[in-house]
Amino acid sequence: MEQEKRGQWTSNFGFLMAAIGSAVGLGNIWGFPYKMGANGGFIFLIIYLAMVSFVGIATMLGELTLGRKYGMGVIGTYRKISEKYTWIGWLGWFSGFLILSFYSVLGGFTLRYFIGFLLELFSSGAGFGGADSGAFFGGFILNAPMSILFHALFMATTVYIVMGGISGGIEKFSAIAMPTLFVMLVIVVIRSITLEGSFVGLEFMFKPDFESLKEIGLMRVLKTAAGQMFFSLSLGMGCMITYGSYLSKKENLEWNATLIPIADTAIATLSALAVLPAVGAFIYQGVEGVSFGAGPGLLFVTLHRVFSVGMGGAMGNFFGAFFYFLVFIAAVTSSISLLEVCTAYLIDRRVEKGLEPNRKKITLIMGTVIFFLGFPVAMDGLGAGKAGGALIDIPATIFGMQEVRVAFDCWLDFYDMIAEGVFMPLGAMLMSIIIGWKLKTTIIKDEVEESPGIKMKAYNFWDICFKYIVPVAMFFVLLGQLDDFFGLGIF
Ligand code: PHE
C-alpha cells in the first residue's frame, strides 16, 4: 500500500532509462572529455575503467539494494538501518539541494546556447549578437538576470517532470529522452570524426601519453578519475537509493547495477568522441582560439567556436543547436533525479503518516527553494565578483577567506566543494563500511535473491569491494577533493 502511494517503475527498461539518465549528464559530456584530455588521454580511460569496475559497480549495487530493501528515499533508508545513521541520509539530501542549484544554472546555459544556435539558423547575429565565443560567454555570465531567467526555465522543466511522478513523469520522459539522446550523440560523433583533421583529436584521446602522466603524477590522475567516476555515476548522495526504492522485487539488482555503469561509461566515451575530434580538426585547420587545454571552458567557449567558426554557416548552426539540445536533455534527466532525492524525503514522511503524498505541492516547494539557492551561482559571474562587473562578490571575499581561494573562488565551486568534495565521498565511504562491516554483505545477497529465480553471481567479489576497495578509494577521493579545493598540495 505504502509502495503504491510512493510510486513504482512500470518496467525494468523504464527504470534503466531513468537511472542511466541520472548518470549521464554534464559530467559525461563536459567533464569527461576535458579531464581525459588533461590527464594522459588513454591512460586516464584505462584507470577510469578500473575505477568503474572495482568501485563504481559495487557502490551502485549497494545503493540500489538498500533502496529496494527499505523502500524509502535516502534519509528514510539510513534511519531504517539505524536511528544513529540518519545523519548520513541528511548529507545526501543536502547534497541534492546544493548540486541541483548549480546544475540548474549550468543547465540554463545549455538552453541559452541551444536557443542561440537555433536563432542563428534563421538570422545571422540573432542568437549571439555577432559576438566572438569568448566575448559572448564573458558577457553572458555577467548578465545575472539572463542567467537567472534560463536557470528558471531549466528548473521549471525539472519541476514539471518530477511533478508527474515516478512512472508518469520521470520514467515517461527518460524512456523517450535517453534513446533520442543516444541517436543524436552517435550522429554528432559521426560528424566529428569525419571532419578534416579529426585524427589530431583521436590521437590526443587514444595515444597513451606517459610524458604528461609523469608530469601530472599517477596519484593525481587516480584521484581525478575516481572523483569523476562517482559524480558521473550519481553515487554517494542517495540518488540510486531513491531510484532503487521504486524498483519491483522482480528485477535483477546485480545485473542492473552492472549495466548502468557500463552504459554511462560508453556514453562518456562517445561524448569524448563527439567533442575532442572536432576540436582537433579545427586545431589542424588552424582555427584561432581552439585548443584542448580549455578545461571547463570547453563546453561553452571552445565548442561554440567549433560550431560557429570551425564548421560555420548553416551547417555549424544546425549542429550547434543539435548538440546543445542534446546536452540540455542529458542535463534534465540528471536534474530530475536530484530533485527526486529532495522531494522523496517529504513524500516518504507523509506516506508513513498515512497521508496523501502530495507530490505536486512538495515538488513545487522544493524546486522553488533550490531555485533561490542557485541565485548566488548565477550572480557572481562565475568568479568575476563585483570587481569583475558581477552583481555579487565571491565567497572568499564575503567570508573574508581570501587565503583559501581555491574552493571559495566562486559560488559554484563553494557549493560543489561541500557536496561533491565532502558529503558525497563521505556518504559513499560510510555506506560501504556499513554494508561490509556492520550489516555484512549478506544483506546485499539476500535482497538480490529476493527476486524469484535469481542467484547472486559474484558475492565474494562484492564482499571484498564493500569491505576494502570502496572505503579506501573513497577515502582517497575525499582527501584528493579537499586537497584540490583548499590547495593543500598533498597530491
Ligand atoms: N551524474 C550526473 C552527471 O554526470 C550528475 C549527478 C550527480 C546527478 C549526482 C545526480 C546525482 O552529470
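Fair warning: this is a prediction, and the values are worked out from it, not measured in the lab. (Residues numbered from 1 in each chain as written. Predicted model: local features only at pLDDT ≥ 70, side-chain atom pairs only at ≥ 80, totals over all residues. Heavy atoms only, no water.)

**Q** What am I meant to see in the packing of helix H2 (residues 12-23) against helix H9 (residues 166-193) here?
**A** Packed helices, taken two at a time, are described by the angle their axes make and the gap between the axes. One can describe the packing of H2 onto H9 by two numbers: an axis separation of 8 Å at closest approach and a directional angle of 75°. Between H2 and H9, the crossing angle belongs to the class labelled roughly perpendicular. In contact with Phe13, Gly14, Phe15, Met17, Ala18, Ile20 and Gly21 of H2, H9 contributes Ile170, Glu171, Ser174, Ala175, Met178 and Pro179. Here the contact of H2 with H9 is built from residues that sort into 9 nonpolar, 3 polar and 1 charged. (Axes fitted to C-alpha atoms, helices over the stretch in contact; angles between N-to-C directions. Helix = DSSP H or I, 4+ residues; strand = E, 2+ residues; numbered from the N terminus. Parallel < 35°, antiparallel > 145°, perpendicular 65-115°, else oblique. Contact = heavy atoms within 4.5 Å. Nonpolar A, V, L, I, M, F, W, Y, C, P; charged D, E, K, R; others polar.)

**Q** In this structure, what is going on with the site of the ligand? I would like to understand it.
**A** Around the ligand there are 15 residues in total, and Ala23, Gly27, Tyr103, Phe231 and Ser234 lie nearest to it. Leucine 26 places a main-chain nitrogen or oxygen 3.1 Å from an oxygen atom of the ligand. A distance of 2.9 Å separates an oxygen atom of the ligand from a polar backbone atom of glycine 27. Burial of the ligand by the protein amounts to 100% of the accessible area it has alone, namely 330 Å². Elements with a contribution of two residues or more to the shell around the ligand: H2, helix H3 (26-38), helix H12 (218-232) and helix H16 (313-352). Taken together, the residues of the shell around the ligand break down into 7 nonpolar, 8 polar and no charged. (Near = heavy atom within 4 Å. Polar contact = N/O pair within 3.5 Å; in protein donor to acceptor, adjacent residues only side chain to side chain. Areas by Shrake-Rupley, 256 points an atom, 1.4 Å probe, with all protein chains shown as cover.)

**Q** Even after reading the chapter, I still don't get unusual backbone geometry, so can you show me in this structure?
**A** Leave glycine aside and you will find that most residues have negative phi; peptide bonds, for their part, are mostly trans. Although it is not a glycine, asparagine 358 adopts a positive phi angle of roughly 60°. Within the secondary structure layout, asparagine 358 lies in the loop between H16 and helix H17 (359-373). Exposure remark for asparagine 358: the relative accessible area of 33% places this residue in the partly exposed category. In this structure, lysine 440 is a non-glycine residue whose phi angle is positive, near 75°. Exposure remark for lysine 440: the relative accessible area of 41% places this residue in the partly exposed category. (Buried < 20%, exposed > 50% of the residue type's maximum accessible area, 1.4 Å probe, protein only.)

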